[in-house]
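Notes for the structure review
Spelled out from the first residue to the last, the chains are:
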Amino acid sequence: KENKVIEEEPDFSVGFPNANTSEEEIKKLSGLYKTEDDEGTSYYFRGAVENNYVKFADMVWRIVRINGDGTIRLLQNDGIGAYVINNYEEGEPKYTGYTYDNKLSCTQEQPCEVRYNSGEFSNESFGGLDSNIKIRLEMWYSKNLKEEDKYISYSSFCNDTSYGSGNEKEKFYYGANNRMNNSQPSLKCPIPKDSNDELRLYGGKYKLKIGLLSVDELNLIGITNNTNEKQAMNNYYIKNPDGYGWTMSPGFSNKIQGDNKYFRSNCKITCRFEIYDNDISIMGSQTYPVINLKSDVVVTGEGTESKPFVVNQ
């Protein structure tokens with residue numbers, strides 16, 4: 001089904017839809033919008049969307065957006081288990097990195113590419129150590145998507161470890177925290193620098209086969225951090241069976257208290273995003289894989305729940 005691009009600029013400080021949104025507004029304002037990403041113009045789904053279902057690898061996915069390079073970003077619908085982002089509690093900033101102790105910084109000009117060959121993932125080009133969540137996602141990929149690998153693109157993912165404002169002694173806020181406080185989501189990945197303009201050797205921009213959504217993408221979808229707003233979570237196409245779901249976006253590091261916090265979705269009662277502790281003493285949060293189909297894949301179907309898009313194989 002064709003989607004007309006909605007030109008009206010969304011108010012990202014207000015959840016959409018919420019308990020006060022009329023049926024007329026939901027119908028009028030749910031659909032396809034556009035914004036810029038690092039590769040060009042990206043078209044993203046927002047609101048109560050019912051025609052972005054995809055059946056792929058015997059699983060249900062939802063189309064999040066068409067990336068600027070023409071690849072198609074999919075979010076797995078059911079989750080693969082509850083995990084922690086990393087296995088460290090010290091509050092050391094580097095442990096917010098999707099990889100850390102890298103040999104090179106992962107930037108827009110030179111994103112860190114993680115290649116997949118013969119069932120194994122490799123990041124030797126930039127070195128570094130893998131976060132727990134990266135290991136878990138790639139193990140799941142090897143088990144469940146190995147046979148579909150030829151359809152899946154190396155696409156951009158942003159683990160934004162640029163420092164934001166409001167930093168205190170040994171407490172460091174990251175760029176996504178500032179954007180969310182100002183309701184200004186962006187699909188452009190900042191250079192991973194600290195407050196002294198030093199390049200970080202953890203996090204940044206990656207080219208991956210599998211990753212997670214950013215909190216910016218949650219905000220574009222229509223989810224906010226307004227805990228007082230009764231957001232109608234049944235209208236969102238993100239369905240969190242366990243209520244919670246990690247993003248790839250760190251919120252802040254606190255070396256004094258010894259913790260790192262990441263953004264996650266919380267659709268337990270109302271749908272919002274929140275900053276949550278990455279604590280190895282708890283079970284962690286649900287993990288919803290994100291992949292990107294190549295731009296030249298051919299699909300059939302209508303994109304509805306009963307007639308989802310199916311990749312022609």
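Summarised in this report is the structure supplied together with it.

Definitions and cut-offs
- Residues numbered from 1 in each chain as written.
- Predicted model: local features only at pLDDT ≥ 70, side-chain atom pairs only at ≥ 80, totals over all residues.
- Heavy atoms only, no water.
- Helix = DSSP H or I, 4+ residues; strand = E, 2+ residues; numbered from the N terminus.
- Rg over C-alpha atoms; globule rule 2.2 N^0.38 Å.
- Buried < 20%, exposed > 50% of the residue type's maximum accessible area, 1.4 Å probe, protein only.
- Contact = heavy atoms within 4.5 Å.
- Areas by Shrake-Rupley, 256 points an atom, 1.4 Å probe, with all protein chains shown as cover.
- Lys, Arg positive; Asp, Glu negative; His and termini not counted.
- Charge placed at Lys NZ, Arg CZ, Asp CG, Glu CD.
- Pairing = 2+ DSSP bridges.
- Core = buried A, V, L, I, M, F, W, Y, C linked by side-chain atoms within 4.5 Å.
- Expected span 1.5 Å × (residues − 1).
- Axes fitted to C-alpha atoms, helices over the stretch in contact; angles between N-to-C directions.
- Phe/Tyr/Trp six-rings, centres within 6.5 Å; stacked < 30°, edge-to-face > 60°.
- Lys NZ or Arg CZ within 6 Å of the ring centre and 35° of its normal.

Another point: the overall build of the protein. A tally of helices and strands in the protein yields 4 helices and 21 strands. A compact globule built from 313 residues should have a C-alpha radius of gyration of about 20 Å, and the protein, at 18 Å, falls within 12% of that. The dimensions of the protein, computed from C-alpha atoms along their principal axes, are 50 × 50 × 35 Å. Counting over 313 residues, the protein shows a buried share of 58%. Sequence-distant contacts in the protein: of pairs separated by 6 or more residues, those separated by 24 or more amount to 70%. In the structure as shown, the protein presents an accessible area of about 14000 Å², 44% of it carried by carbon and sulfur atoms. Mean positive and mean negative side-chain charge positions of the protein (36 and 46 charges, respectively) differ by 2 Å.

Judged by how many residues are buried, strand β5 (residues 72-76) sits mostly within the fold: 5 of 5 residues are covered. Judged by which residues are buried, β5 turns out to be covered on both faces: I72, L74 and Q76 on one side and R73 and L75 on the other are all buried. Hairpin geometry of strand β4 (residues 59-66) and β5 is characterised by an intervening segment of 5 residues between the two adjacent antiparallel strands and by a positive phi of about 90 degrees at G70. Bridge count between β5 and strand β19 (residues 290-293): 4 bridges; the pairing is antiparallel. In the strand pairing of β19, I72 is matched with L293.

Among the nonpolar cores identified, the biggest contains 58 residues, and F56, W61, L74, L145, L213, I238 and I291 are the most heavily contacted of them. For L74, the residues in contact, after removing those within four places along its chain, are V54, W61, R62, I63, P289, V290, I291 and L293. Listed in part, the 8 residues of the second largest apolar core include I6, F16, Y44 and L187.

Further remarks concern helix α2 (residues 132-144). Note: α-helices contain 3.6 residues per turn, so residues at a spacing of three or four share the same orientation. The first and last C-alpha atoms of α2 sit 18 Å apart over 13 residues, in line with the 18 Å expected at 1.5 Å per residue. Of the positions making up α2, those classed as buried are N132, I133, K134, L137, E138, W140 and Y141.

As a further point, take the sheet that holds strand β17 (residues 272-277). Judged by pairing direction, the sheet is antiparallel, and its 4 strands sit side by side in the order β13-β15-β16-β17 without closing on themselves. Either end of the sheet is taken by a strand with one partner, and the two such strands are β13 (171-173) and β17. Adjacent strand axes in the sheet meet at a mean angle of 35 degrees when their direction is disregarded. Here strand β15 (residues 244-254) pairs with strand β16 (residues 259-266) via 7 bridges, running antiparallel. What sits directly across from Y244, in β16, is N266.

Locating I133 in the fold gives a position in helix α2. With 26 residues separating them in the primary sequence, I133 and T107 have C-alpha atoms 21 Å apart. Each residue touching I133, except ones within four places of it in the same chain, is listed here: Y83, V84, I85, Y98, L212, W246 and T287.

A separate point is the packing of aromatic side chains. Here the distance between the centres and the angle between the planes together describe a pair of aromatic rings. Within the structure shown, the criterion is met by 16 aromatic pairs. Each ring, one from F56 and one from Y151, has its centre 6.4 Å from the other, and the planes form 90 degrees; the classification is edge-to-face. Within this pair, whereas F56 is found in strand β3 (residues 53-56), its partner Y151 is found in the loop between α2 and β12 (155-159), the two being separated by 95 residues in sequence. Here F56 and Y151 have matching classes, each one buried. Taken together, a centroid distance of 4.7 Å and an interplanar angle of 50 degrees make the contact between Y116 and F121 tilted. Using a relative accessible area of 5% as the deciding quantity, one classes Y116 as buried. We classify F121 as buried; its relative accessible area is 17%. One aromatic cluster is present, formed by F56, W61, W140 and Y151 through successive ring pairs. For R73, the ring lying beneath its charged end belongs to F157, and the centroid distance is 4.6 Å.

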